[in-house]
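Analysis of the macromolecular model
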Amino acid sequence: MKVLVCPSGFKGSVSPDTAADCIEAGILRAIPTATIRKVPLADGGEGFAHALVAATAGRIRHMEVVGPIGRPIHSFYGILGGTHVKTAVVEMAAAAGLSLVPPASRNPCLTTTFGVGQLIAAALDEGMEKIIIGCGDSGTSDGGVGMLQALGARLVGRDGEDLPLGGGGQTLVSLAGIDFSKMHPRLKSVAIEAVCNWKNVLCGPTGVARVYGPQKGATGEQTELLAAALETYAVVIHRTLGIKIDDAPGSGASGGLGAGLLLVGAKLRPRYDALMEYFHLEDIFDGCDLVITAEGGVDEQTPHGKIPAEVALRAKARGIPVIVLAGTVGKNANVNYEVGIDAFVSILQRPLTLEEAIRDTERLLTESAEGAMRMVAIGRGLGLGSRQ
């Protein structure tokens, strides 16, 4: 049996590389003769910059930036090797990720993307000609305005005073105008490409505040405050620049960072399509009998641009079955059968605290992969895996 292992990472726990190693170990326990191809997929979130740097023999630049809760943190961006164009890769999670927000401070009304702008500015100052930005695993919902402020934008409130630097999404409730006259001078001469969830939009019933705000710690009241703030933001942008961003594809990526990136001329790309190019994944499905992918959670949002669903869509077009190993199985997860996922299972074996689950993820993932493959072996023995 030839198995393609292409997991995403588990936030705050294991990287895509480690997840792939664990799944491989589990498969070989069940079927020692299996042939395994590992293709870890960093989808723009945690691990994206290091994965691209490793794939191109590049290097990492370390620096201090303002973190999501306004305190200095150690961060980084990558410089890619093997390219004709000087290219940097910025992982927004390295400056504004949810894992950088202590549980007691998880209020997306207050968290900021200011540090993301600082990373971009550093890459611009270094003379980069292209910047790739990975949008994923964010702990923010500020529409990218913190990033814009770090790059020189001035946000003006209804009272004529500047909004506070890095004040978070809630400050946008009183936004009246944006002045872009003092933006970083090299922005117009650099190509910026953002890898994002193309299906996330900024505003409306499926806008980023209502869909992801609660996942980042927002109460019901805070969620509606953020939704109103981002709607005000969209109105001001449309009035000031004539750009309609409220429902633009990708505008809601990373708490609305996608919208802010659109305002600096970035090209937003569906993340799996971008990964196919960056990691040369065109032929990953060739010759395999089964695909196993993995992510921290599978639920009703998975079909909307998440790695397991994107993998499944492409595998199913080739008639290859797909199994997903997930940290948790959430609400309405059955919708994933409609996008080509044949089976999904939680790796948890009993009720655990989050701390216990994070500590034991490697073991749980290995044992879950072993269990899944033993089931596959039984199905093959019974002839249940034959294709029509």
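To keep things clear, this report deals only with the structure shown in the data block. What you see as residue numbers is a count from 1 along each chain, following the sequence as written. Only residues with pLDDT of at least 70 are given local features in this predicted model, and only at 80 or more are side-chain atom pairs given and counted; all residues enter the totals for whole chains, interfaces and linings. To obtain the side-chain values, all non-hydrogen atoms of the structure were included, while hydrogens and water were left out.

With that settled, consider the sheet that holds strand E2 (residues 35-38). By definition, two strands form a pair when at least two bridges between them are found by DSSP. Note on conventions: DSSP H or I runs of at least 4 residues are helices, E runs of at least 2 residues are strands, and numbering of each starts at the N terminus. Strand order across the open sheet formed by five strands is E2-E1-E11-E12-E13, with parallel pairing between neighbours. With one partner strand each, in any of the chains shown, E2 and strand E13 (343-346) form the two edges of the open sheet. Sheet twist, expressed as the average angle between the axes of neighbouring strands with direction ignored, equals 25°. Taken together, the four bridges between strand E12 (residues 322-329) and E13 define a ladder with parallel strand orientation. Along E13, the bridge assignment pairs alanine 326 with serine 346. When checking whether two residues touch, look at their non-hydrogen atoms; a contact exists if any pair is within 4.5 Å. For helices, the axis comes from a line fit to the C-alpha atoms of the stretch in contact; other axes are also lines fit to C-alpha atoms, and the angle between any two N-to-C directions lies between 0 and 180 degrees. Contacting strand E1 (2-5), E2, strand E11 (290-298) and E12, helix H1 (residues 16-30) runs over the sheet at an angle of about 170° to E2. Where helix H12 (residues 361-382) meets the sheet, its contacts fall on E1, E11, E12 and E13, and the angle it forms with E12 comes to roughly 140°.

Quick look at the pairing of strand E4 (residues 72-79) now. When a strand is regular, its side chains alternate between the sheet's two faces. When you tally the buried positions in E4, you get six out of eight residues, the bulk of the element. Between strand E3 (residues 59-66) and the antiparallel strand that follows it, E4, lie five residues; glycine 70 among them carries a positive phi value of about 90°. Sheet topology note: the E4/strand E5 (residues 87-91) ladder contains two bridges and is antiparallel. Across the sheet, the residue bridging to glycine 78 is valine 89, located in E5. The classification of residues rests on relative accessible area computed with a 1.4 Å probe and restricted to protein chains. Under 20% of the type maximum is buried, over 50% is exposed, and intermediate values are partly exposed.

On to the packing of H1 against H12. Interaxial distance between H1 and H12 falls to 7 Å at its minimum, and their mutual angle equals 40°. Regarding the angle of H1 to H12, the classification is oblique. As for the relative orientation of H1 and H12, their crossing is right-handed in sense. Of H12, the residues touching H1 (which contributes Thr18, Ala19, Cys22, Ile23, Ala25, Gly26, Ile27, Arg29 and Ala30) are Glu362, Leu365, Thr366, Glu367, Ala369, Glu370, Met373 and Arg374. With respect to orientation, any angle under 35 degrees is reported as roughly parallel, any angle over 145 as roughly antiparallel, any angle of 65 to 115 as roughly perpendicular, and every other angle as oblique. Crossing chirality is assigned from the near helix's rotation relative to the far helix, an anticlockwise turn below a right angle marking it left-handed and a clockwise turn marking it right-handed.

Taking 1.5 Å per residue as the helical rise, H1 with its 15 residues ought to reach 21 Å, and the 22 Å between its terminal C-alpha atoms agrees with that figure. Within the span of H1, buried status applies to Pro16, Ala19, Ala20, Cys22, Ile23, Gly26, Ile27 and Ala30. Buried residues along H1 cover an arc of 165° about the axis, so they all sit on one side. Against the buried residues of H1 lie E1, E2, E11, E12 and H12. A helix is expected to reach a length of 1.5 Å times the quantity of its residues less one. Directions from the helix axis toward the C-beta atoms define the arc.

Note that every value here comes from positions in space, so none of it alone points to a role or purpose.
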